[in-house]
Structures are given as structure tokens and as C-alpha cells.
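Secondary and tertiary structure notes
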Amino acid sequence: MGGCVGAGGARAVALAYGGGLGGTARPLLLVVAPVLPLAGVGVSYGRCADPMHEITATTPGGGLRLLLVRTAAVLAVTVPVLTLAWAVLPASAGGPGAVAWLLPGLAMTLAALALSSYVGCRTGASSVAACWALAVAVPAVGTLPARLDEPLAAAVRYFAGPAAQSSWAAAAVLSAGLLALRRRSFDHLEKS
């Protein structure tokens, strides 16, 4: 997982400096960064990710506790790598700050965990990522922009300002609450 995130951050930096995307690299990373932890969360727990899942799910340290430990390990890798990538990207005028993606990333990670209590980790994480992709891509479909920076500038509105960040905070709190209510669902084996 760390190699995947590190490669993603390295690609963003390489595109910014060598690919002529200097002004759009930060908004592009801002749009992609919140969903990168979902890739690790999706494969960190469950029957497909762990050959010993039947045993670990039934132990006292299994279930939600194990999922949260593995999610913390994913975040311990992704947050520093993405923050470092943000720090070395060329500066751009305007737009949200370097940590604007953290709260949306937390909200999406918690939403994926809460959803995974119903459908499993892989499906929960991929569903949240697909919803995010639709939210970012659908507004740009009707315009068929000539340049990449136009849809990215439109997507930045999901991060900019106190209203947007407050909405992400509320979504994170609601997702955490649902996860707490559904914590016992992780004590049983996944259906898929």
C-alpha cells in the first residue's frame, strides 16, 4: 500500500515539474488525495485480504478492533506521503491549503468503514470511491473542457471554505456514529 501511495505522490510531483501541469498539480492531488487511503482500507480486512480471516475475526482482538488498527496503519503511511508530495509541488495562486484534503479523507475513510459493516470492506471502500469520482466527474461532463484545470477548479469547491470543511466534519461525525452503532457486525464473518 505504501508503494502505491508513494508512487502516486511521485507521479504528481513528476507531472508538475516535467509534464507541464505545474498549475493544475495541486488541485489534481487535492481531488485524488482523499480517496487514496480507501485503496488500503479496502484491502486491509476481510476474507479476500486475510487468509486467516476466519480465525482472526473470531478472536477478541479481531473484528472492528483489528479493522481500526489496520486502517490506522494505512493512514500512517498515506497521510505523511501525501503531505510531503503536497509540500514539494509548485505553488499555485488561490485554492485551499495543504491540509484541505485531510478532513474529506477522514470522512470518506469513516464512511467506507461504516458502509463496510453492511457490505464488506472492499465493496464499501470502492463504493465510496465511486461516489467521489461521480461527484467530481459529473459536473465536468456537460462542459467538455478544453483544459484540465477547468474541471479541477470546479472540484476544488468541495474543499474550499468553512462551509465545505464543516460539511466534511459533520459527515465524519455521522459516519463515526454509524460505525459505533454497527461495531458488532464486524464480530461475524463477512458474507462476501
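What you see is a predicted model; the values in this text were computed from it and never measured.

1. Focus on the packing of helix α6 (residues 102–119) against helix α9 (residues 161–181)
Running from N to C, α6 and α9 cross one another at 25°; their axes reach a closest spacing of 8 Å. In terms of orientation, α6 and α9 fall into the roughly parallel class. Here α6 runs over α9; the crossing is left-handed. Contact with α6, carried on its side by Leu103, Pro104, Leu106, Ala107, Met108, Leu110, Ala111, Leu113, Ala114 and Tyr118, involves Gln165, Trp168, Ala169, Ala171, Ala172, Ser175, Ala176, Leu178 and Leu179 of α9 and no other residues of that element. Among the residues forming the contact of α6 with α9, the class breakdown is 17 nonpolar, 2 polar and no charged.

2. Details of α9
Relative to the 30 Å expected for 21 residues at 1.5 Å per residue, α9 spans 31 Å between its end C-alpha atoms, a close match to the ideal helical length. Those residues of α9 lying buried are Ala164, Gln165, Trp168, Ala172, Ser175 and Leu179. Along the long axis of α9, the arc covered by the buried residues comes to 95°, so they all point the same way. Away from the buried face of α9 by more than 90 degrees, exposed residues Pro162, Ala163, Val173, Leu174 and Leu181 are located.

3. Some points on the packing of aromatic side chains
According to the stated counting rule, one finds 1 aromatic pair in the structure shown. Residues Trp132 and Trp168 carry aromatic rings whose centres are separated by 5.9 Å and whose planes lie at 65° to one another, so their mutual orientation is edge-to-face. Taken together, the residues Trp132 in helix α7 (residues 121–141) and Trp168 in helix α9 connect sequence positions 36 residues apart. Trp168 carries the same exposure label as Trp132, and that label is buried.

4. Brief notes about the confidence of the model for the protein
Chain-level pLDDT for the protein is 74 on average; 67% of the residues reach the 70-or-more range. Here helix α1 (residues 2–18) stands out as the least confident element of the protein, with mean pLDDT 51; α9 is the most confident, with 90.

5. Focus: the side chain of Ser175
When you line up the elements, Ser175 lands in helix α9. The buried category is assigned to Ser175, whose relative accessible area is 11%. Ser175 has contacts with Ala107, Leu110, Ala111 and Ala114, leaving out every residue within four places of it along the chain.

6. Things to note about the packing of helix α5 (residues 64–88) against α6
Put simply, α5 and α6 touch, their axes get as near as 12 Å, and they point 155° apart. In terms of orientation, α5 lies roughly antiparallel with respect to α6. Between α5 and α6 lies a crossing whose hand is right-handed. Here Leu67, Leu68, Thr71, Leu75 and Val79 of α5 come into contact with α6, specifically with Leu102, Thr109, Leu113 and Ser116. Here the contact of α5 with α6 is built from residues that sort into 6 nonpolar, 3 polar and no charged.

7. Regarding the environment of Tyr45
The residue Tyr45 is located in the loop between α3 (36–42) and α4 (53–58) in this model. Considering only alpha carbons, one finds Tyr45 and Arg122, 77 residues apart in sequence, at a separation of 8.2 Å.

Parameters at a glance
- Residues numbered from 1 in each chain as written.
- Predicted model: local features only at pLDDT ≥ 70, side-chain atom pairs only at ≥ 80, totals over all residues.
- Heavy atoms only, no water.
- Axes fitted to C-alpha atoms, helices over the stretch in contact; angles between N-to-C directions.
- Helix = DSSP H or I, 4+ residues; strand = E, 2+ residues; numbered from the N terminus.
- Parallel < 35°, antiparallel > 145°, perpendicular 65-115°, else oblique.
- Left-handed = near helix turned anticlockwise from the far one by under 90°.
- Contact = heavy atoms within 4.5 Å.
- Nonpolar A, V, L, I, M, F, W, Y, C, P; charged D, E, K, R; others polar.
- Expected span 1.5 Å × (residues − 1).
- Buried < 20%, exposed > 50% of the residue type's maximum accessible area, 1.4 Å probe, protein only.
- Arc of directions from axis to C-beta.
- Phe/Tyr/Trp six-rings, centres within 6.5 Å; stacked < 30°, edge-to-face > 60°.
- pLDDT = per-residue confidence, 0-100.

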